[in-house]
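Below are the chains, spelled out letter by letter.
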Amino acid sequence: MIQASELILNPDGSVYHLNLLPEHIANDIIFVGDQNRVEKITQFFDSIEFSTQKREFKTQTGIYKGKRISVMSTGIGPDNIDIVINELDALVNIDLKTRQPKENLTSLNIIRIGTSGSLQENIPVDSFVLSKFGLGLDNMLRSYLIDEVSNAAIEDAFIAHTNWDIRKGRPYAIACSEELEKIIESDKIFKGITATAGGFYGPQGRVLRLNIQDEELNAKMDNFTFNDSQITNLEMETAAIYGLSALLGHKALSLNAIIANRASGTFSEDPYRAVDKLITYTLNKLAGN
Ligand code: R1P
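Residues numbered from 1 in each chain as written. Predicted model: local features only at pLDDT ≥ 70, side-chain atom pairs only at ≥ 80, totals over all residues. Heavy atoms only, no water.

Draft legend 1. Local environment of the site of the ligand. Around the ligand lies a shell formed by G33, R37, I76, R112, G114, T115, F200, E235, M236 and E237. In the model, an oxygen atom of the ligand is placed 2.5 Å from a nitrogen or oxygen of the T115 side chain. For the ligand, an oxygen atom lies 3.0 Å from a polar atom in the backbone of M236. Alone, the ligand offers 340 Å² of accessible surface; in the complex the protein occludes 83% of this. Looking at the shell around the ligand residue by residue, the class counts come to three nonpolar, three polar and four charged. (Near = heavy atom within 4 Å. Polar contact = N/O pair within 3.5 Å; in protein donor to acceptor, adjacent residues only side chain to side chain. Areas by Shrake-Rupley, 256 points an atom, 1.4 Å probe, with all protein chains shown as cover. Nonpolar A, V, L, I, M, F, W, Y, C, P; charged D, E, K, R; others polar.)

Take a look at the structure:
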């Protein structure tokens, strides 16, 4: 039995941070960072059956073209992803009444629709990127036993190429779900490795008033290649989503609308439009159109 201090439930039996009961979520779940983006997605739904919010975690479940989908905001960063995926997994794979893991496990489909900065000059603002791999620079996943799901060859190559200071922890590389990739991909979408940072400023090479450990890191990431794959973009959730999903048996795919190009120093003139286009593209692919 999992103790009350380890799997915390609210008085109504819902999971602690997400405020959800098992019947509230669909098998297909879209993650967004920004809670205001949840309704940007569900505005296209035929109907909404459920809505809740606690802190930055807002969830709506409804029907889009006959398919039941949940949309959930994760807030910013890998630490939040730890909460979201563990609690989602508890909803489907732990009996919340007996507090025992279930024998027959459920595999969720998790798709992130995010925004991100491109590191490559040839991946312009307003384009879309599908992450073949998440490369976690943040350490969150290193609290778990990850050797079975992580790609040590990519990690070693990245550490050597960037002369990575291991005092920052060992980066981790995790693949996307190939099954979801096949459903979502098209020739409109760039593919590559998405680096996931544990912060927005120093951890992504932004200098305001503090010196950073490696000023050349973005430039080095920019020309890193592994088996013809480049690091396309830098954001704050993908590797954590891929890692926890792989460990718990869920399928995950991360899509990002590129709103900034760090190589050319440009920013989208209409980032909301780029995100809207990625939303409708993804919903239609999920609904089988
Ligand atoms: C930083 O501004 C946030 O934006 C990006 C980053 O990953 C981080 O969460 O993604 P979202 O737009 O999905 O939040």
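Draft legend 2. Molecular detail of the pairing of strand β2 (residues 47-54). As paired strands, β2 and strand β3 (residues 57-64) are joined by seven bridges and run antiparallel to one another. By the bridge assignment, F50 is partnered in β3 with T61. Counting the residues in the hairpin turn of β2 and β3 gives two residues, including R55, whose phi is positive at 50°. (Pairing = 2+ DSSP bridges. Helix = DSSP H or I, 4+ residues; strand = E, 2+ residues; numbered from the N terminus.)

Draft legend 3. Here's a closer look at the UniProt feature "domain: Nucleoside phosphorylase" (unreviewed entry) in the protein chain. Mapped onto the present numbering, the UniProt feature "domain: Nucleoside phosphorylase" (unreviewed entry) falls at residues 29-264. Structurally, residues 29-264 comprises 25% helix and 35% strand, and the distance from its first C-alpha atom to its last is 34 Å. (UniProt positions renumbered as here; feature names shortened; annotations may be inferred.)

Draft legend 4. Spotlight on the pattern of salt bridges. Per the stated rule, a full pass over the model turns up 14 salt bridges. Across the pair K67 and D28 runs a salt bridge, and its minimum N-O distance is 3.8 Å. Remark: D28 occurs in strand β1 (residues 28-32) and K67 occurs in strand β4 (residues 67-73); sequence separation between them is 39 residues. Given a relative accessible area of 26%, K67 falls into the partly exposed group. (Salt bridge = Lys/Arg side-chain N within 4 Å of Asp/Glu carboxyl O. Buried < 20%, exposed > 50% of the residue type's maximum accessible area, 1.4 Å probe, protein only.)

Draft legend 5. How the structure looks around the packing of helix α2 (residues 78-93) against helix α6 (residues 238-248). Contact geometry of α2 with α6 gives a least axis separation of 9 Å together with a crossing angle of 25°. Taken together, α2 and α6 sit at an angle that is classed as roughly parallel. By crossing handedness, the relation of α2 to α6 is classed as right-handed. For the pair α2 and α6, contact is made by P78, I81, D82, I85, N86, D89 and N93 and by A240, I241, L244, S245 and L248, respectively. Split into classes, the residues belonging to the contact of α2 with α6 amount to seven nonpolar, three polar and two charged. (Axes fitted to C-alpha atoms, helices over the stretch in contact; angles between N-to-C directions. Parallel < 35°, antiparallel > 145°, perpendicular 65-115°, else oblique. Left-handed = near helix turned anticlockwise from the far one by under 90°. Contact = heavy atoms within 4.5 Å.)

Draft legend 6. Geometry of the side chain of D89. Note that D89 resides in helix α2. Put simply, D89 is tucked away with no salt bridge, and the nearest opposite charge, on K102, sits 9.8 Å away. Every residue in contact with D89, bar those within four places of it in the chain, is listed here: I94, L248 and H250. (Lys, Arg positive; Asp, Glu negative; His and termini not counted.)

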